[in-house]
Amino acid sequence: EVNAAEIKTEQWVHQESTVVEMLQGNGFLEIDESNKTVKITDEYKKAVLENIEPGYEAVFTDNSVSIVPRIQTFSAFTGVDKIVFTWKGYDVYLSNEKATKTAAGIGLLATASTLIPEPTISKVLAVTLGLGSGLISLNNSEGRGVIIAYIGSIYTNSMPDWITSQ
């Protein structure tokens, strides 16, 4: 006998398994299986820059995008908004501001679409962020933001594995 929760979980896992593959297929990521590396393309960078909120800028590395305020103060560390792609999956960093909003269910899609320009995938990410809102709130209790690690090899199912404070 299969219950509704198992069916929903199976559907969610199937959706998550296509994140990296979909980004690669749409020209946003380059994957080198032999070296187990993932690189962000210029197309990905362009899409992020088109969707960035006023007052923020994007900082890119080979495999990550960070969204940071244009003007930074030297006050207490409140985390960063960032996504890092790795051979094991991807890590989503949410600043205190975004983690607090996410935990309250506010701006889930806006947060996701800033980090991942592919509309279908950003919606899937928004759903997973919403499902984990209680854990996000708990791990953001010190106001330093959170890191959510999604694990799974590039061509298999990936799902949230752990969450911790930045």
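Scroll up to find the structure this text is about.
Quantities reported herein were computed from a predicted structural model and do not represent experimental measurements. (Residues numbered from 1 in each chain as written. Predicted model: local features only at pLDDT ≥ 70, side-chain atom pairs only at ≥ 80, totals over all residues. Heavy atoms only, no water.)

Q: Please clarify how the environment of K46 should be interpreted in this entry.
A: Relative to the helices and strands, K46 is located in helix α3 (residues 42-51). Its relative accessible area of 47% is what places K46 among the partly exposed residues. (Helix = DSSP H or I, 4+ residues; strand = E, 2+ residues; numbered from the N terminus. Buried < 20%, exposed > 50% of the residue type's maximum accessible area, 1.4 Å probe, protein only.)

Q: Explanation requested: helix α5 (residues 108-115) in the structure shown.
A: Residues spaced three or four apart along an α-helix face the same direction, because each turn holds 3.6 residues. Among all positions of α5, only L108, T111, A112, T114 and L115 are buried. Burial along α5 is one-sided: seen end-on, the buried residues are contained in an arc of 160°. Contacts from the buried residues of α5 go to α3, β4 (64-69), β5 (81-86), β6 (89-94), α4 (96-103) and α6 (119-131). (Arc of directions from axis to C-beta. Contact = heavy atoms within 4.5 Å.)

Q: I tried to follow the nonpolar core on my own but got confused; where do I start?
A: Considering soluble globular proteins, one finds that nonpolar side chains tend to be buried as a cluster. Membership of the largest hydrophobic core comes to 35 residues, with the highest contact counts inside it found for L23, Y44, I83 and F85. It is α6 that contributes the most residues to this core, four residues altogether. Beyond its immediate stretch of four places on either side in the chain, L23 contacts F28, L29, Y44, F85, I116, E118 and I121. (Core = buried A, V, L, I, M, F, W, Y, C linked by side-chain atoms within 4.5 Å.)

Q: What is the right way to read the packing of aromatic side chains from this model?
A: In this description, a pair of aromatic rings is defined by centroid distance and the angle of the planes. Evaluation of the coordinates by the stated rule reveals four aromatic pairs. A ring pair is formed by F28 and Y44, whose centres lie 5.8 Å apart and whose planes are at 90°; its orientation type is edge-to-face. Residue F28 is found in the loop between α2 (19-25) and β1 (29-32), and its partner Y44 is found in helix α3; the two are separated by 16 residues along the sequence. On the accessibility criterion, Y44 (0% relative accessible area) is buried. Ring geometry for Y90 and Y150: centres 4.7 Å apart, planes at 15°, overall stacked. Here Y90, found in strand β6, pairs with Y150, found in strand β7 (residues 146-151); they are 60 residues apart in sequence, far enough to count as distant. Owing to a relative accessible area of 2%, Y90 belongs among the buried residues under this scheme. On the basis of relative accessible area, Y150 is assigned to the buried category, the value being 0%. The ring of Y93 has K82 sitting right over it, with the charged end atom 5.1 Å from the ring centre. (Phe/Tyr/Trp six-rings, centres within 6.5 Å; stacked < 30°, edge-to-face > 60°. Lys NZ or Arg CZ within 6 Å of the ring centre and 35° of its normal.)

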